[in-house]
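Overview (structure and organization)
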Amino acid sequence: MKYAWHVFKYILVFVINLLILLFVHSYFNFIVMILMIVLPVVSIVCTFVLSRHLTVKFGGGGQNLTVDSPFLVSVVLDNSSIIPNMNTEIEISMENNLFHTNGRHTLCIPAYSRSANVVDYQIAQSYVGALEVKADRICVTDWLGFVRIKSKCNSVKEYKVFPSGTVDVEADMTAVSHGMNEAEESRKKGHDFSEVVDVREYQPGDKLQNIHWKLSAKKDVLMVKDRESMSSSQLMILVELADDETHILNDVLKSAYGMAVSLLDEQLPFTFYYWSGVQGDIVRTSIDSRDDLAEWMEKIFYEQAYADFGYGLSMLEKNLDSDRRIIVVSGDMRADGNVVFTYGSCERIHNWVESLVEKRKLKTGKR
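**Looking at the sheet that holds strand 2 (residues 65–66)**
If you walk across this open sheet you meet the 5 strands as 2-8-7-4-5, and the pairing is mixed. Sheet topology places strand 2 and strand 5 (101–108) at the edges, where each strand pairs with a single neighbour. Sheet analysis places strand 2 next to strand 8 (residues 148–162), joined by 2 bridges and oriented parallel. In the strand pairing of strand 8, Leu 65 is matched with Val 161. Along the sheet face, helix 2 (residues 27–51) touches strand 7 (129–141) and strand 8 and points at about 35° away from the line of strand 8.

Now the structure itself:
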């Protein structure tokens, strides 16, 4: 409708100018009439050519993106032709595949002649996950506003949004210690809970803390202790990837991440478990550093959430081959938010997601 109105106004001006020419016989009106015939053709042809020479790229974002913290996405519109245009629109879609949330935005960016125009676009994400930002189409309106030419664009970039690393719940380390054995407690006091299985020559990438200094001095060659982590004795934490209509999984992941950060600060060894709908199996990951934690969280971003809050726990019970206490981070309120079990029996322990669930229910007005 907008473009039809532009055409109507142009035709009206053309008719008025033609009437003036017929009565006045002015050369000026004759030149104007010629220009009004030629300009629409030139405008439409230039717009068609320009639409074939526009590309979009995404940049920015940085490495440490966290939920509810705005970050800048750089949208780069590159024009390889000599034709400029001030009315170029980019249709941008955004999708979080873990929570299946999406949104669409239209960004108007001028296309300069033979240059790239960079615009910083601010985004704030409330859900953790891999946010896929995609330029679906480029729409170019000609100079006179007669036509709008659309061209497809497949520029895509992912921005990984992590939890902040803090939770609003006070950590109950006494309760957590109930899931530890004597060896783990010795690790907490500063000992490296691992077993030396061999001594060999130093190789690039070996940790300096594993160097056997006495033996190295005797042999005049750097020797290192080959350690094997006794991960079977580590604190086991199951993260339930169950979700509901309020996307409680977002709070669960933020709680699990905050718990992991606190455990790393306390130098406590632990292992994360979750049921993978993609792999159809229990995934086990030992966390020894922030890098390990980030890699583990990235795997979660590409998983499939399930509806049954107890499904991951039941699958782990089927695959567990020893009597171990397991802390379960879940949004399941049927167990009052507190779930820890020893194989064959059940014990209660503080679950860090409990208070977050209660706060969420207060915000949404649910009881």
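There is more to say, and it comes next.
**Structural notes on the pairing of strand 7**
Counting buried positions along strand 7 yields 10 of 13 residues, so the element is predominantly enclosed. Here strand 4 (residues 88–96) pairs with strand 7 via 9 bridges, running antiparallel. Directly across from Asn 96, in strand 7, lies its bridge partner Leu 131. Counting the residues in the hairpin turn of strand 7 and strand 8 gives 6 residues, including Gly 145, whose phi is positive at 75°.

**Remarks on the packing of helix 6 (residues 248–265) against helix 7 (residues 290–301)**
Orientation of helix 6 relative to helix 7, taken along the N-to-C sense of each, is 165°, at an axis distance of 11 Å. Overall, the two elements helix 6 and helix 7 adopt an arrangement that is roughly antiparallel. As helix 6 runs across helix 7, the sense of the crossing is right-handed. On helix 7, the residues touching Leu 253, Ala 256, Tyr 257, Ala 260, Val 261, Leu 264 and Asp 265 of helix 6 are Arg 290, Leu 293, Trp 296, Met 297 and Ile 300. Taken together, the residues of the contact of helix 6 with helix 7 sort by class into 10 nonpolar, no polar and 2 charged.

**Examining the side chain of Asn 117**
Inspection of the secondary structure puts Asn 117 in strand 6 (residues 115–123). Residue Asn 117 is classed as buried on the basis of its relative accessible area, which comes to 11%. Only 3.0 Å separates the side chain of Asn 117 from the backbone oxygen of Pro 110, close enough to count as a polar contact. Apart from residues lying up to four places away in sequence, Asn 117 is in contact with Val 75, Val 76, Leu 77, Ile 109, Pro 110 and Tyr 112.

**Quick word on the packing of aromatic side chains**
What describes a pair of aromatic rings is the distance from one ring centre to the other and the angle between the planes of the rings. A complete count under the given rule lists 10 aromatic pairs for this structure. Ring plane angle 25° and centroid distance 5.6 Å describe the contact between Trp 5 and Phe 8, whose orientation is recorded as stacked. With Trp 5 and Phe 8 both in helix 1 (residues 2–24), this residue pair falls 3 residues apart, about one helical turn. Residue Phe 8 is classed as partly exposed on the basis of its relative accessible area of 48%. Taking 5.7 Å as the distance between ring centres and 85° as the angle between the ring planes, the aromatic pair formed by Trp 275 and Tyr 311 counts as edge-to-face. In this pair, Trp 275 is assigned in strand 12 (residues 270–276) and Tyr 311 in helix 8 (residues 311–319), connecting sequence segments 36 residues apart. Trp 275 gets classed as buried once you look at its relative accessible area, which sits at 9%. Residue classification places Tyr 311 among the partly exposed positions, given a relative accessible area of 31%. The ring of Phe 48 is capped by Arg 52, whose NZ or CZ atom sits 4.5 Å from the centre of that ring.

**Description of the pattern of salt bridges**
A side chain of one charge can pair with a side chain of the opposite charge if their charged atoms are brought near each other. Applying the stated criterion across every chain, the model contains 6 salt bridges. In this structure, Asp 136 and Arg 104 form a salt bridge, with 3.1 Å as the shortest nitrogen-oxygen distance. Pair noted here: Asp 136 is in strand 7 and Arg 104 is in strand 5, with a separation of 32 residues, a long-range link. The exposure class of Asp 136 is buried, given its relative accessible area of 17%. Given a relative accessible area of 55%, Arg 104 falls into the exposed group. Of the charged contacts in the structure, one is a salt bridge between Lys 160 and Glu 158, with a shortest N-O distance of 3.8 Å.

**What about helix 7?**
In this model helix 7 runs 17 Å from its N-terminal to its C-terminal C-alpha over 12 residues, within 8% of the 16 Å that 1.5 Å per residue would give. Those residues of helix 7 not exposed but buried are Leu 293, Trp 296, Met 297, Ile 300 and Phe 301. The buried residues of helix 7 occupy one face: seen down the axis, they fall within an arc of 155°. Turned more than 90 degrees from where helix 7 packs its buried face, Asp 291 and Glu 295 sit exposed. Those residues of helix 7 hidden inside the fold are in contact with strand 7, strand 8, strand 11 (235–239), helix 6, strand 12 and strand 13 (281–287).

Definitions and limits used
- Every chain is numbered on its own, with residues counted from 1 as its sequence reads.
- Given that this is a predicted model, residues contribute local features only at a pLDDT of at least 70 and side-chain atom pairs are listed and counted only at 80 or more, while totals for whole chains, interfaces and linings are drawn from all residues.
- Each side-chain value is worked out from all heavy atoms of the structure, with water and hydrogens disregarded.
- For two strands to pair, DSSP has to find at least two bridges joining them.
- Secondary structure elements follow DSSP: runs of H or I of four or more residues count as helices, runs of E of two or more count as strands, with numbering from the N terminus.
- Every residue pair with non-hydrogen atoms within 4.5 Å of one another is taken to be in contact.
- Helix axes are fitted only over the stretch in contact, all axes being lines through C-alpha atoms; the angle between N-to-C directions runs from 0 to 180 degrees.
- The buried label applies to any residue whose accessible area, calculated with a 1.4 Å probe on protein chains only, is under 20% of its type's maximum; exposed applies above 50%, and partly exposed to all values in between.
- The scheme is simple: roughly parallel for angles under 35 degrees, roughly antiparallel for over 145, roughly perpendicular for 65 to 115, oblique for anything else.
- Left-handed is the label given to a crossing in which the near helix is rotated counterclockwise from the far helix by less than a right angle, and right-handed is the label when the rotation is clockwise.
- Three classes are used, and their members are as follows: Ala, Val, Leu, Ile, Met, Phe, Trp, Tyr, Cys and Pro are nonpolar, Asp, Glu, Lys and Arg are charged, and the others, Gly among them, are polar.
- What qualifies as a polar contact is a pair of N or O atoms within 3.5 Å, subject to a donor-acceptor requirement within protein and to the restriction that residues adjacent in sequence count only when both atoms come from side chains.
- Only Phe, Tyr and Trp rings are paired, with Trp represented by its six-membered ring, and only when their centres lie within 6.5 Å; those with planes under 30 degrees apart are stacked, over 60 edge-to-face, the remainder tilted.
- For a lysine, the NZ atom is tested; for an arginine, the CZ atom; a charge sits over a ring if that atom is within 6 Å of the ring centre and within 35 degrees of the ring normal.
- Counted as salt bridges are all cases of a side-chain nitrogen of Lys or Arg within 4 Å of a carboxyl oxygen of Asp or Glu.
- Working rule for helices: expected span equals 1.5 Å times residues minus one.
- The arc in question is formed by the directions pointing from the helix axis toward the C-beta atoms.

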